[in-house]
Amino acid sequence: MKTRFAVALSMVAGAALGGAAIQALHAQTKVPVYMIAVNEVSDQDGYAKEYVPPAQKTVKDHGGEYVAAGPGTPLAGNLPHGPVVILRWESVQALEGWRNSPEEKYAKFNIVAVNGLK
């Protein structure tokens, strides 16, 4: 009887460990999402003082991470002139959760999202 109990307990423990390992592997295969924005600023002072500080806080509050931000250097094409921001997110859903929160009265935002590579 003890042997059967030990075998059954070992099987349950093995299944639980296997399930946990599979979950860990699935979590590792998720690729980040990058958001690239070229902002056409209409009110530089308001943008810098009233928009940027709360936007930076809401990005962090929603799980986003700044990768790059600055004036940008156009190399090809017909891009708008303005600050460029690149943010990294865990998922499109996290990005969309943040995207619905900031105001857009200081600039026009030209935004694209792209999946990262594994």
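Anyway, here's the lowdown on the structure attached to this text. The model shown is predicted, which means the values in this text are computed figures rather than measured ones.

1. Brief notes about the overall build of the protein
Part 1: Broken down by element type, the protein carries three helices and four strands.
Part 2: Sequence-ordered secondary structure for the protein, helices as α and strands as β, is α-β-α-β-β-α-β.
Part 3: For the protein, with 118 residues in total, the buried portion stands at 19%.
Part 4: Long-range contacts, defined here as pairs at least 24 residues apart, represent 76% of the contacts in the protein between residues at least 6 apart.
Part 5: A total of about 8,600 Å² of accessible surface is found on the protein, and carbon and sulfur atoms cover 61% of it.

2. Some remarks on the environment of D45
Part 1: Topologically, D45 is positioned in helix α2 (residues 44-61).
Part 2: Each C-alpha atom, one on D45 and one on Y106, is 8.9 Å from the other, the two residues being 61 residues apart in sequence.

3. What to know about the packing of aromatic side chains
Part 1: Applying the stated criterion across every chain, the model contains two aromatic pairs.
Part 2: Relative to Y51, the ring of Y47 has its centre 5.4 Å away and its plane inclined at 20°; by these criteria the two rings are stacked. Of this pair, Y47 and Y51 both sit in helix α2, four residues apart, which is roughly one turn of that helix.
Part 3: What makes Y47 buried here is its relative accessible area of 7%.
Part 4: Classification of Y51 by relative accessible area gives buried; the value is 11%.

4. Quick look at the sheet that holds strand β2 (residues 65-70)
Part 1: The sheet built from four strands is open, its strands ordered β2-β3-β1-β4 with antiparallel pairing. Two strands in the sheet have a free side with no partner beyond their single neighbour: β2 and β4 (107-115). On average, adjacent strands in this sheet sit at an angle of 15° to one another, irrespective of strand direction.
Part 2: Of the pairings in the sheet, the one linking strand β1 (residues 33-41) to β4 comprises nine bridges and is antiparallel in character. Note on β4: the bridge partner recorded for N39 is F109.
Part 3: The sheet strands contacting α2 are β1, β2, β3 (84-89) and β4, and the helix crosses β2 at an angle near 160°.

What counts, and where the lines are drawn
- Residues numbered from 1 in each chain as written.
- Predicted model: local features only at pLDDT ≥ 70, side-chain atom pairs only at ≥ 80, totals over all residues.
- Heavy atoms only, no water.
- Helix = DSSP H or I, 4+ residues; strand = E, 2+ residues; numbered from the N terminus.
- Buried < 20%, exposed > 50% of the residue type's maximum accessible area, 1.4 Å probe, protein only.
- Contact = heavy atoms within 4.5 Å.
- Areas by Shrake-Rupley, 256 points an atom, 1.4 Å probe, with all protein chains shown as cover.
- Phe/Tyr/Trp six-rings, centres within 6.5 Å; stacked < 30°, edge-to-face > 60°.
- Pairing = 2+ DSSP bridges.
- Axes fitted to C-alpha atoms, helices over the stretch in contact; angles between N-to-C directions.

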